[in-house]
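# Overview (structure and organization)
Okay, here's what each chain looks like letter by letter:
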Amino acid sequence: MGDQTRRRSDRRRHRDRRAPGDRRAAWDEATHMRYPGWQEQVVQFLTRYLFVTLGVLYFNFTSGIQPAWLTPAQLNLAYALYFLINTANFIHASGKHICPTRFRFAMWVDIAITGISVLNDPYDIPPSLLVFIMVVLGNGMRYGLRLFGEALVGSFAAVMLVFTLRYLNADNPITPGMLFLNLFGGIILVYAYILMGRIEESHRQLEHKSKIDTLTGLTNRRGLLEITSQLFERLQRDNMKFVVMFADLDKFKAINDTYGHAVGDEVLKAFAGILQGTVRDSDIAARIGGDEFVLILHDTSLDEAENAARRIQQQVAADTRQGGLNYSVTIGLGEAPTHGSDFDALLHHVDKAMYRSKSALRGGEPMESESG
């Protein structure tokens, strides 16, 4: 009993310490987007304020500068509208840090105001054209390759539209210098996109490896906590349920003490193979430390999960008879959100089920679900 109590204490101590509103950057596999942390978003909003301020100063206080298409009042109105939209987005972001729709909307607003600025820049080679590069790189480096590509296409489309309108203005024709500036800028952006793709792919590979248990090939504790965090967020939006199965190998310490850790590692890998052979592609099998494993079973009832648990125990019993090693597995089951609205609460229910199971059937092949 003392060993089991210590294990429960260890599990609680090593659970994810990050708060639900964690402000650090994160990668979302579902949308293939990087979600910047709050501090990084603050810098981006302040940068937008800086650029709009420079735009106002450039067109209103630079000697000899007059907007080419709009009146100064109309251009200032466009900048004021951009300022208000940016402020509204800033306020929204302070309450909801992660919002892909807002990220995308803000990017297109950036492209629009940059296009308006370039269109009204009276110089043959408009300095404001460089802001497009800042828009593309800024969004690409913050949000990942998908939004990078969208910003790249959007900026090129805006440049072509602006060039067409400038060309229609006889007083401001397209010059070779402007064409070469855009050619060089385009090459820079495409090259940056290629490099960003390689960096992102390397990042994905490293991120994937960081969530895999090196011994068994199963998801590790970090990966499991991220998955369950996303699942419990979905529970608040969707009418869904899933089952958590906690498996604890019995007498595993005796195997390590008797035969050595190399044999113990082989037992862990063999048990991981049993779990992988039991679950579906949509399910998650994880090793969270030592001889403790967790399965996440999607769209599964407790009765179905109990049948799966019995198959796992039967396979373990068959392997032990064949291999001559004396160990078994205790399994506890819990259903979300029935038995807990977060992973800690659900695991607490599963722990209680396992304790009752171990107390009732010492040395056997026990399994129990937490059904109430």
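The structure under discussion appears in the preceding block.
The following paragraphs examine the structure supplied in this document. (Residues numbered from 1 in each chain as written. Predicted model: local features only at pLDDT ≥ 70, side-chain atom pairs only at ≥ 80, totals over all residues. Heavy atoms only, no water.)

### A few points about the overall build of the protein
A count of helical and extended segments in the protein gives 12 helices and 7 strands. Counting the 372 residues in the protein, one finds 47% classified as buried. The contacts of the protein with a sequence gap of at least 6 include a subset with a gap of at least 24, amounting to 70%. Accessible surface, the protein as shown: approximately 19200 Å² in total, 60% of it carbon and sulfur. (Helix = DSSP H or I, 4+ residues; strand = E, 2+ residues; numbered from the N terminus. Buried < 20%, exposed > 50% of the residue type's maximum accessible area, 1.4 Å probe, protein only. Contact = heavy atoms within 4.5 Å. Areas by Shrake-Rupley, 256 points an atom, 1.4 Å probe, with all protein chains shown as cover.)

### Section: the nonpolar core
In this structure, M245, L249, F271, F293, L295, I312 and I331 are the most contacted members of the largest nonpolar core, which totals 29 residues. Put simply, the parts of the chain that give this core at least two residues each are strand 3 (242-250), helix 9 (252-259), helix 10 (261-278), strand 5 (292-298), helix 11 (302-323) and strand 6 (328-336). With residues near it in sequence (within four places) discarded, F271 still touches A247, L249, F293, I312, V316 and V329. Residues F103, I111, L147 and F148 belong to the second largest nonpolar core, which totals 24 residues. (Core = buried A, V, L, I, M, F, W, Y, C linked by side-chain atoms within 4.5 Å.)

### What about the pattern of salt bridges?
Summed over the entire model, instances satisfying the criterion amount to 8 salt bridges. Across the pair D110 and R48 runs a salt bridge whose closest N-O atoms are separated by 2.9 Å. A residue pair is termed long-range when its members are at least 10 positions apart, and D110 in helix 4 (residues 100-120) and R48 in helix 2 (residues 38-61) qualify at 62 residues. The exposure classification of D110 matches that of R48, with both residues buried. The residue K253 makes a salt bridge to D257 at a minimum N-O spacing of 3.0 Å. In this pair, K253 and D257 both sit in helix 9, 4 residues apart, roughly one turn of the helix. A residue is classified by how much of its surface remains accessible, and D257, at 55% relative accessible area, is exposed. Residues joined in a network through salt bridges with shared partners are K211, R222 and E226. (Salt bridge = Lys/Arg side-chain N within 4 Å of Asp/Glu carboxyl O.)

### Side note on the packing of aromatic side chains
One pass over the full model with this rule turns up 9 aromatic pairs. Ring centres 5.0 Å apart and planes at 85 degrees place the aromatic pair Y58 and F59 in the edge-to-face group. Arranged with centres 6.4 Å apart and planes meeting at 40 degrees, the rings of F59 and Y79 form a pair that is tilted. Highlighted residues: F59 in helix 2 and Y79 in helix 3 (residues 72-95), separated in sequence by 20 residues. Look at Y79 and you get buried, because its relative accessible area is 4%. An aromatic cluster is defined as three or more aromatic residues linked by ring pairs; in this entry it consists of W38, F45, Y49, F83 and F90. One Lys or Arg, R48, reaches over the ring of F45 and ends 5.4 Å from the middle of that ring. (Phe/Tyr/Trp six-rings, centres within 6.5 Å; stacked < 30°, edge-to-face > 60°. Lys NZ or Arg CZ within 6 Å of the ring centre and 35° of its normal.)

### A few points about helix 10
Its 18 residues place the ends of helix 10 26 Å apart at the C-alpha level, agreeing with the 26 Å of an ideal helix rising 1.5 Å per residue. The complete set of buried residues in helix 10 reads G264, V267, L268, F271, A272, I274 and L275. Down the axis of helix 10, the buried set is contained in an arc of 155 degrees. They therefore lie on one face. When the buried face of helix 10 is taken as reference, the exposed residues oriented beyond 90 degrees from it are A262 and G277. Considering only its buried residues, helix 10 is in contact with strand 3, helix 9, strand 4 (284-289), strand 5, helix 11 and strand 6. (Expected span 1.5 Å × (residues − 1). Arc of directions from axis to C-beta.)

### Digging into helix 11
When the terminal C-alpha atoms of helix 11 are compared, their 31 Å separation across 22 residues agrees well with the 32 Å that a helix rising 1.5 Å per residue should span. Taken residue by residue, helix 11 has L302, A305, E306, A308, A309, I312, Q313, V316, A317 and T320 as its buried positions. Positive phi appears at G324, one or two residues downstream of helix 11, with a value of about 80 degrees.

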